[in-house]
Amino acid sequence: MPSRSIILAIACALTVTACAPDDREARRRAAGPTPSVAALSRVASAAAGARLFTRCSACHSVGRGAPDFGGPNLFGVMGSEVAQNSQRFAYTAALQKVGGRWTPERMDAWLADPQRFAPGTAMGFAGLADPLDRADVIAYLQTKR
Ligand code: HEC
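Residues numbered from 1 in each chain as written. Predicted model: local features only at pLDDT ≥ 70, side-chain atom pairs only at ≥ 80, totals over all residues. Heavy atoms only, no water.

*Asks:* Even after reading the chapter, I still don't get the pattern of salt bridges, so can you show me in this structure?
*Replies:* Once the charged atoms of two side chains with opposite charge are near each other, the side chains can pair. In the structure shown here, the tally under the stated rule is 10 salt bridges. With its nearest N and O atoms 2.6 Å apart, the salt bridge here joins Asp-133 to Arg-24. Of this pair, Asp-133 sits in helix H8 (residues 131-143) while Arg-24 sits in helix H2 (residues 24-30); the two residues are 109 residues apart in sequence, bridging distant segments of the chain. Among the residues examined, Asp-133 registers a relative accessible area of 11% and is labelled buried. Of the charged contacts, one joins Asp-130 and Arg-28 as a salt bridge, the two residues approaching to 2.9 Å between their closest N and O atoms. Of the two residues, Asp-130 is situated in the loop between helix H7 (114-117) and H8 and Arg-28 in helix H2; the sequence distance between them amounts to 102 residues. Looking at Asp-130, the relative accessible area reads 18%, which means it is buried. (Salt bridge = Lys/Arg side-chain N within 4 Å of Asp/Glu carboxyl O. Helix = DSSP H or I, 4+ residues; strand = E, 2+ residues; numbered from the N terminus. Buried < 20%, exposed > 50% of the residue type's maximum accessible area, 1.4 Å probe, protein only.)

In structure tokens, the structure reads:
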């Protein structure tokens, strides 16, 4: 008989949006071993990302038209050009020279290790070590557009 956790993982994969926060380990298993950013996005929870965003909110607002704090406003950042999401914010040259747009893969790399992604960036944040945390935050940012 399949274990409860396997049933949970399957149920979770089928109804990702219905996943409660405590389904975290089931979501992780549903994404498979060494999952890609795309695989993690399929089990990501915007609600969990909203809770994780408290680690960002000292520096970032996320509401439409909200002011910049220590960092730029992040409304609409997914898909926007890197270092251009807030017209008012004085981005570093380090982040400006990255170029291109914020894809899920690039956002994952940035949130894993900002200094590695853009050496010299002013984002004073050590990074989110857990790939599922990053996927959840990206899912949350995707709702803010
Ligand atoms: C201590 C303050 C601080 C914290 C905490 C922080 N950031 Fe930042 N963030 C910044 C600053 C400052 C910049 C601008 C960096 C630069 O110009 O080099 C930035 C830039 C960004 C950008 C680029 C925006 C654009 O317009 O391209 C994103 C995306 C971002 N942060 C997401 C996050 C997320 C998500 C978190 C939480 C997991 C987070 N940050 C935590 C300060 C912070």
